[in-house]
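Here are the chains, one letter per residue:
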Amino acid sequence: MNEPLPDLKIALEAARKGVKTIKEFKNKKLNTREKGHHDLVTDADFATEAAVLKIIRNHFPEDEILAEETEAHEKLTDARTWIVDPIDGTTNFAHDFPVYCVSVALWEGKQPKVGVVIEVNRNEEFTAVAGEGAFLNGEKISVSDTSSPRDAFLGTGFPYNDLSLVEPYLNLFRHLMDEAQGIRRPGAATFDLCCVASGRFDGFFEYSLQPWDVAAASLIVREAGGLVSDWEGGDDWLFGERLIAGNPSIHKMLKERIDQFIPEPQRRALIKK
Ligand code: IPD
Ligand code: CA
Ligand code: CA
């Protein structure tokens, strides 16, 4: 791989430092608490966020920050903004279940410019720069070419605390269990999306996601040739809490199934949020 561009270089440096910080907690007793219903946070989340942000602030003191544990807010300006999830998959991490990631994104003009997601246990580094393609450990990746719904291997997530759509969501699952090849819930949305980017999953959908869950990995999906949208097929997926990603065929199929099983009137409360 050529020498990474400066923003990517710093994003990678920060994410790698995040991974190192998480690993330092491996054999320590973790302080864990619930910040919301079923929504865990540990001292590793705070330490990792601090380590990642320190590197970003050292290099880019003027840039804005949106980070899950200490810099969460609900707006994005046109300015350069780093969007950070220090541990995506905290529940997995707290239970020593091996899927959790550090996610670092740079947005500017309300568009994603750089995305880095590192899965800690497999040390898989997913990277993308807008217009430059997507990579896993320096090798170019692309979405799958599966087009038949019955061959589709899908990822999804279960909401932690917003259960407002659970009944229609379960009906959708019931249908997809029969129609698709398989559905998985790894427990880290950043990883789910990177699995779409690398062709492991053909598609992914979830609701109740936050900007730091999707800011980096959605760029990686797009740069790998995939589509990312909200459930209406539009662009309200960063703050919109409802997302579909996939190769173009399976993205279309998932949008149709969501329209069928969770029609718009049922999801209106989510859209207005
Ligand atoms: C969570 C994970 C999970 C998703 C949740 C997220 P966290 O992030 O991405 O897969 O289902 O909605 O909140 O809390 O572990 O950073
Ligand atoms: Ca997350
Ligand atoms: Ca997190």
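Think of each chain on its own: its residues are numbered from 1, step by step along the sequence as written. Chain letters and ligand numbers both follow the written order, the letters beginning at A and the numbers at 1. Per-residue local features of the predicted model are confined to residues with pLDDT of at least 70, and side-chain atom pairs are confined, for both listing and counting, to 80 or more; whole-chain, interface and lining totals are unaffected and use all residues. The basis for every side-chain value is the complete set of heavy atoms in the structure, and neither hydrogens nor water enter the calculation.

1. Structural notes on the coordination of the calcium ion (ligand 3)
Then comes step 1: Here a donor is any nitrogen, oxygen or sulfur atom (N, O, S) within 2.8 Å of the metal, with 3.2 Å used for Na, K and Ca; water is not among the atoms considered, so some sites may look incomplete. Within the first shell, the calcium ion (ligand 3) binds the protein through Glu68 (OE), Asp85 (OD) and Ile87 (O), at distances of 2.2 to 2.3 Å.
Then comes step 2: Mapped onto the sequence, the donors of the calcium ion (ligand 3) take the spacing E-x16-D-x1-I.
Then comes step 3: Between the two metal centres, the calcium ion (ligand 3) and the calcium ion (ligand 2), the spacing is 3.7 Å, with Asp85 acting as a shared donor. Both residues of the pair, Asp85 and Ile87, count as buried. A 1.4 Å probe rolled over the protein chains alone gives each residue an accessible area, and that area as a share of the maximum for its type sets the label: buried under 20%, exposed over 50%, partly exposed in between.

2. Section: the domain arrangement of the protein
Then comes step 1: Per the domain assignment, the segments of the protein are domain 1 (6–141) and domain 2 (149–268).
Then comes step 2: Boundaries between domains were set according to an automatic or database domain assignment. A C-alpha centroid distance of 21 Å is found between domain 1 and domain 2.
Then comes step 3: Any two residues whose heavy atoms approach within 4.5 Å are treated as being in contact. Across the boundary between the two partners, domain 1 contributes 45 residues, which contact 25 residues of domain 2.
Then comes step 4: Buried surface at the junction of domain 1 and domain 2, summed over both partners, amounts to about 2600 Å²; 69% is from carbon and sulfur atoms.
Then comes step 5: Criterion for a salt bridge: a side-chain nitrogen of Lys or Arg within 4 Å of a carboxyl oxygen of Asp or Glu. Between Glu124 and Arg200 there is a salt bridge, with its nearest N and O atoms 2.6 Å apart.
Then comes step 6: Side-chain atoms alone can form a polar contact between residues adjacent in sequence; in general such a contact is a pair of N or O atoms within 3.5 Å, and within protein one must be able to donate a hydrogen while the other accepts it. Our count for the domain 1 to domain 2 interface comes out at nine residue pairs in polar contact (both at pLDDT 80 or more).
Then comes step 7: In terms of residues, the side of domain 1 that touches domain 2 owes the most to one element, strand S6 (residues 111–119), which gives seven residues.
Then comes step 8: The class makeup of the residues in the side of domain 1 that touches domain 2 is 23 nonpolar, 11 polar and 11 charged. When two parts are put together, the accessible area they lose, computed with a 1.4 Å probe and summed over both, is reported as buried area. Helix numbering and strand numbering both begin at the N terminus, where a helix is a DSSP run of H or I of at least 4 residues and a strand a DSSP run of E of at least 2. Ten residue types, Ala, Val, Leu, Ile, Met, Phe, Trp, Tyr, Cys and Pro, are classed as nonpolar, four, Asp, Glu, Lys and Arg, as charged, and the remainder, Gly among them, as polar.

3. Comments concerning the sheet that holds strand S9 (residues 139–141)
Then comes step 1: Whether two strands pair comes down to DSSP finding at least two bridges between them. Judged by pairing direction, the sheet is mixed, and its seven strands sit side by side in the order S3-S4-S5-S6-S7-S8-S9 without closing on themselves. A single partner strand is all that each edge strand has here, and the edge strands are strand S3 (64–67) and S9. With direction set aside, neighbouring strand axes in the sheet form an average angle of 20 degrees.
Then comes step 2: Both strand S8 (residues 134–136) and S9 contribute to a ladder of three bridges, which runs antiparallel. Within the sheet, the bridge partner assigned to Ala134 lies in S9 and is Ile141.
Then comes step 3: Helix axes are fitted to C-alpha atoms over the stretch in contact, other axes to C-alpha atoms as well, and angles between N-to-C directions run from 0 to 180 degrees. Across the face of the sheet, helix H1 (residues 6–24) comes into contact with strand S4 (81–88), strand S5 (101–108), S6 and strand S7 (124–129) while running at roughly 30 degrees to S6.

4. Some words on the pairing of S4
Then comes step 1: With eight of eight residues buried, S4 lies mostly within the body of the structure.
Then comes step 2: Sheet topology note: the S4/S5 ladder contains six bridges and is antiparallel. Bridging from a neighbouring strand, Thr81 pairs with Trp107 of S5.

5. Some details on the site of ligand 1
Then comes step 1: What surrounds ligand 1 is a group of 16 residues, the closest being Asp88, Gly89, Thr90, Arg185 and Glu206.
Then comes step 2: The separation between an oxygen atom of ligand 1 and a polar side-chain atom of Asp85 is 3.3 Å.
Then comes step 3: A distance of 2.8 Å is found between an oxygen atom of ligand 1 and a side-chain nitrogen or oxygen belonging to Arg185.
Then comes step 4: In these tables, accessible area is a Shrake-Rupley quantity obtained with a 1.4 Å probe, and a residue counts as shielded only by the protein chains included in the view. Starting from 380 Å² of accessible surface for ligand 1 in isolation, the protein chains cover 95%.
Then comes step 5: Here the residues of the shell around ligand 1 sort into six nonpolar, three polar and seven charged. The criterion for a residue being near a molecule or strand is simple. One of its heavy atoms has to lie within 4 Å of it.

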